[in-house]
Amino acid sequence: MPADHKWFTRLVVAGLMNYVYERDHAILVRLDVPADAKGSITVAAKLNWLACTDKVCVPERGEVSLDIPVAAATAPDPRFNEWRRVLPRPLASSAHFATVGDRFEVALALPASVTLGKPYLFAADDGVVDYAAPQSFRRDGDTLVASLKARGRPGQSVSGVLALGDGRGLSFTATLGAVPKGGRAVGDLGANAILLAVLGALVGGMLL
C-alpha cells in the first residue's frame, strides 16, 4: 500500500513499514578537504539499500566512487540550496514523551498558529513504536500530541521527525515527562497508517 510524497513513499510489505525513495534524491555529506590538497580527491562509498516493488523489498549493495577536482572556490551548485531547504528544521521548543497503556505518546510544543495537513511522526529510535500501526494526533492550544502504538521500552530520551503534512518537517528530541490528555483531533491518520511524510531525511538510518 504505497503512499506518494514529494520525496519518498511509505510502503507496508507483509506488515512491515518501509521508507522508499521513488524519485531523485540527495544524501548530503560534508567533506573536509585539506588546505594543501592538489589535483583531485577520490570519494568512495559502500552502499546498502532495498529495491522494492509494491509487494516485496530485496536487499542490494554496491560501491561507487567519484574523482573531484581540487579548484579555487566557485559558486555553489544551486541544487544544494533546494536540497537543504527540504531538510527538517530543529524544533526550537520542548518535547516530552510517556507510555500510556499500549500507546507511546509525544507532546510537542507547537504554536496553534502553525498549520497542519496530515501529520506523521517518524521515530528514529529503533524498537520503540510499531512503525506500521496507525497514528493519531490531537491538539490542545500550543501543544501537539502524537499517539503511536508502543512496541518496546524507550530510554530517557527519544528523537525523531514530525512531518507537518505540507512538505515541512521538524526534528526533535523528547525527554521522559508528562503528556497532557484531551485535546482536539487533527489530521486523518487514525484510520490509515499509510499517508504522507518527510524526510528525509532523511531521518538517519530510517530512510532506505
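Scroll up to find the structure this text is about.
Described in the following lines is the structure provided in the data block. Note that the structure is predicted; figures quoted are calculated from it, not measured.

### A look at a nonpolar patch on the surface
Part 1 of the reasoning: Together, Ile-27, Val-29, Leu-31, Val-33, Leu-66 and Ile-68 make up an exposed nonpolar region whose accessible area comes to about 580 Å².
Part 2 of the reasoning: Assignment of secondary structure puts Val-33 in the loop between β2 (16-21) and β3 (40-52).
Part 3 of the reasoning: By relative accessible area, which is 47% here, Val-33 ends up partly exposed.

### What about the state of the cysteines?
Part 1 of the reasoning: The final tally for this structure, using the stated rule, is 1 disulfide.
Part 2 of the reasoning: Through a disulfide, Cys-52 is tied to Cys-57; the S-S separation comes to 2.0 Å. Taking the sign of the S-S torsion, 115 degrees for the link of Cys-52 and Cys-57, the bridge is right-handed.
Part 3 of the reasoning: On the accessibility criterion, Cys-52 (26% relative accessible area) is partly exposed.

### Observations concerning the pattern of salt bridges
Part 1 of the reasoning: Per the counting criterion, the structure on display carries 4 salt bridges.
Part 2 of the reasoning: Note that Asp-77 is salt-bridged to Arg-79, the shortest N-O span being 2.8 Å.
Part 3 of the reasoning: On the basis of relative accessible area, Asp-77 is assigned to the partly exposed category, the value being 28%.
Part 4 of the reasoning: Two residues, Arg-138 and Glu-105, come together in a salt bridge whose shortest N-O distance is 3.1 Å. With Arg-138 in strand β9 (residues 136-140) and Glu-105 in strand β7 (residues 103-109), this residue pair connects regions lying 33 residues apart in the sequence. Residue Arg-138 shares its accessibility class with Glu-105, and that shared class is buried.

About the criteria used
- Residues numbered from 1 in each chain as written.
- Predicted model: local features only at pLDDT ≥ 70, side-chain atom pairs only at ≥ 80, totals over all residues.
- Heavy atoms only, no water.
- Patch = residues over 30% accessible without salt bridge, like charges linked within 9 Å, V, L, I, M, F, W, Y side chains within 5 Å.
- Areas by Shrake-Rupley, 256 points an atom, 1.4 Å probe, with all protein chains shown as cover.
- Salt bridge = Lys/Arg side-chain N within 4 Å of Asp/Glu carboxyl O.
- Helix = DSSP H or I, 4+ residues; strand = E, 2+ residues; numbered from the N terminus.
- Buried < 20%, exposed > 50% of the residue type's maximum accessible area, 1.4 Å probe, protein only.
- Disulfide = S-S within 2.5 Å.

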